[in-house]
Amino acid sequence: MTDGPAVRTAGVTELREEWFLGVSIATSLIFFAFPEQLFRRLSDPFWFAVIFGWLFAVVLGSALSVVRHADHLAERLQEPYGTLILTLAITSIEVMAISAVMIHGENNPTLARDTLFAVVMIILNGMVGLSLLLGAWRRPEQQHNLQGANAYLGVIVPLATLSLVMPTFLAGPDGQHPSTPRQLILGIISVGLYATFLFLQAGRHHDYFTTDGNRHQHPGEHTPPHGPLWPHAVLLLAYMGPVVFLVEQLARPIDYIIETLHAPTAFGGVVMAILVATPEAISAVRASIADNLQRSVNIFLGSVLSTIGLTVPAMLVVSRLYGHPVTLGLEHGDLVMLVLTLAVSIITFASGRTHLMQGAVHLVLFLAYVLLIFQQ
């Protein structure tokens, strides 16, 4: 009997934490009702900053809320299933965001490629570097499961090469737009490899994605939090709902700054990548600081894998359905940065131990990527 008031109090507290859902819904209704009035004065720098900042903040806040509820589910389901939910939720947001921008505005054939490349650079250089650097600040080394990292990289490297490198050297009469047979083959390979990886991760080789301590932990040593799962699952989907509409609205100021103010064409992809990578970056850095590098590895390598394995086929389907051609092959400095990042990542995770220097190297590569955006 004494648990009743406490449970009700906890429920009221949890509901109060969902105030941002009201902000997200209200913002969606405002932009749905008054689109012309809100976007008419984008030439005014102050008004442009207000609209862009407003939409960016609400979309990012919704994504952070998605991560919060995914983390609650992760605590209950444990690794690797918890991280799998997190990466799939964020990747779904990314797919919906890129699709909305592709369908909404004028055709931008490099948007999907720029977003994929930006996600890879932000995660494998920025997120990995920051996680390793902060995690190693208080301890000489951190450990992770070498077999799990090898499994991730063993799929990431061929998928990244086939999606972002190979199209550069297979340009046809229409330029780098992949032909229908190539799109079909690439889509089948991406989905097939990712599905096989998920089968192994959730099945016979799930031990590869846990630390040795957790692997040999007795069931009674860790008791997951009590309570139903469905509220977190429902709220996770509820926060994802307005994202599709709001990202479509965000495409207008992005198109304006690229076409009118002549910002780098990769700017749109970078904005999308920041939206989808920031929530996972926060979770990965927190896990690394808490000396749980294995969860960080699962987050950032799993995010890159799901981004390439799911986003590429989804973008090819959208391209065929709506007649918006896509360009996937990287060129010039971007191609070199991708190859260098993959090579350094293989070296970083080759021993099962990480240290301060490795984090610094990845952050330097991330800085080089940012500088190259404005030099091309």
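The structure this text deals with has already been given above.
In short, a report on the structure.

Conventions and cut-offs
- Residues numbered from 1 in each chain as written.
- Predicted model: local features only at pLDDT ≥ 70, side-chain atom pairs only at ≥ 80, totals over all residues.
- Heavy atoms only, no water.
- Helix = DSSP H or I, 4+ residues; strand = E, 2+ residues; numbered from the N terminus.
- Buried < 20%, exposed > 50% of the residue type's maximum accessible area, 1.4 Å probe, protein only.
- Contact = heavy atoms within 4.5 Å.
- Areas by Shrake-Rupley, 256 points an atom, 1.4 Å probe, with all protein chains shown as cover.
- Patch = residues over 30% accessible without salt bridge, like charges linked within 9 Å, V, L, I, M, F, W, Y side chains within 5 Å.
- Salt bridge = Lys/Arg side-chain N within 4 Å of Asp/Glu carboxyl O.
- Expected span 1.5 Å × (residues − 1).
- Arc of directions from axis to C-beta.
- Phe/Tyr/Trp six-rings, centres within 6.5 Å; stacked < 30°, edge-to-face > 60°.
- Polar contact = N/O pair within 3.5 Å; in protein donor to acceptor, adjacent residues only side chain to side chain.
- Axes fitted to C-alpha atoms, helices over the stretch in contact; angles between N-to-C directions.
- Left-handed = near helix turned anticlockwise from the far one by under 90°.
- Nonpolar A, V, L, I, M, F, W, Y, C, P; charged D, E, K, R; others polar.
- Bend = angle between axes of the 7 residues up to and from the residue.
- Core = buried A, V, L, I, M, F, W, Y, C linked by side-chain atoms within 4.5 Å.

## Some points on the overall build of the protein
Scanning the protein for helices and strands turns up 14 helices and two strands. Per-residue burial over the protein gives 49% buried out of 376 residues. Considering only residue pairs separated by 6 or more positions, the protein has 85% of its internal contacts joining residues 24 or more positions apart. Here the protein displays about 17500 Å² of accessible surface, and carbon together with sulfur accounts for 68% of that area.

## Concerning a nonpolar patch on the surface
A cluster of nonpolar residues, L130, L134 and I289, forms a patch on the protein surface that exposes about 220 Å² of accessible area. Relative to the assigned elements, L134 resides in helix α6 (residues 111–135).

## Focus: helix α2 (residues 19–33)
An ideal rise of 1.5 Å per residue puts 21 Å on 15 residues; α2 measures up with 22 Å between its terminal C-alpha atoms. For α2, the set of buried residues is F20, L21, S24, T27, S28 and F31. Summarising the axial view, the buried residues of α2 lie within an arc of 125°, below the 170-degree limit, and thus occupy one face. Facing away from the buried side of α2 by more than 90 degrees, the exposed set consists of W19 and L29.

## Let's talk about the packing of aromatic side chains
Using the criterion set out here, one finds nine aromatic pairs in the structure. Here the aromatic rings of Y152 and F197 are separated by 5.0 Å at their centres, their planes lie at 40°, and the arrangement is tilted. One end of the pair, Y152, is in helix α7 (residues 146–165); the other, F197, is in helix α8 (residues 180–202), and 45 residues separate them in sequence. Per residue, the accessibility class of Y152 equals that of F197, and both read buried. Both rings, one in F300 and one in F349, keep their centres 5.9 Å apart while their planes meet at 40°; by these two values the pair is tilted. Remark: F349 occurs in the loop between α13 (332–348) and β2 (353–354) and F300 occurs in helix α12 (residues 293–322); sequence separation between them is 49 residues. What makes F300 buried here is its relative accessible area of 0%. You can call F349 buried: its relative accessible area is 0%. Feature note: the residues F31, F39 and W54 constitute an aromatic cluster, connected by ring pairs.

## Overview of the environment of R68
Mapped onto the elements, R68 comes out in helix α4 (residues 45–77). R68 sits in the partly exposed class, given a relative accessible area of 25%. With 168 residues separating them along the chain, R68 and L236 place their C-alpha atoms 8.4 Å apart.

## Some words on the pattern of salt bridges
By the definition in use, this model includes two salt bridges. Residues D44 and R41 are paired through a salt bridge, measuring 3.7 Å at the closest nitrogen-oxygen approach. We classify D44 as partly exposed; its relative accessible area is 28%. You can call R41 partly exposed: its relative accessible area is 43%. Close ionic contact of D114 with R113 constitutes a salt bridge, the shortest N to O distance being 3.3 Å. For the pair formed by D114 and R113, the shared burial category is buried.

## Let's talk about the side chain of S306
Along the polypeptide, S306 turns up in helix α12. Judged by its relative accessible area of 0%, S306 falls in the buried class. At 3.1 Å, the side chain of S306 forms a polar contact with the backbone oxygen of S303.

## Let's talk about the packing of α6 against α13
Following both chains from N to C, one finds α6 and α13 inclined at 35°, their axes separated by 11 Å at the closest point. You can see that α6 and α13 cross each other, and the crossing is left-handed. Taking contact as the criterion, the partners of F117, V120, M121, L124, N125 and L132 in α6 are, on α13, D334, M337, L338, T341, L342, S345 and T348.

## Points about the packing of α6 against helix α14 (residues 356–373)
Relative to each other, α6 and α14 sit at 145°, their axes nearing to 7 Å. Like other packed secondary-structure pairs, α6 and α14 cross with a definite hand, here left-handed. When α6 is examined against α14, the residues F117, A118, M121, I122, L124, N125, G126, V128, G129, L130, L132 and L133 are found in contact with a partner set consisting of L356, Q358, G359, A360, H362, L363, L365, F366 and Y369. Looking at the contact of α6 with α14 residue by residue, the class counts come to 15 nonpolar, six polar and no charged.

## As for α6
Compared with an ideal rise of 1.5 Å per residue, which puts 25 residues at 36 Å, α6 spans 33 Å between its outermost C-alpha atoms and is within 8% of the ideal. If you look at α6, its biggest bend is around 30°, right at I122. Here α6 lies mainly inside the structure; 23 of its 25 residues are buried.

## Considering the nonpolar core
Core analysis: the largest hydrophobic core is formed by 92 residues, its most contacted members being F300, L301 and L338. Those residues within four positions of F300 in sequence are excluded, and the remaining contacts are I123, M127, V128, S131, A284 and F349. Counting residues in each nonpolar core, the second largest holds six residues, with I98, L111, A112 and A314 among its members.

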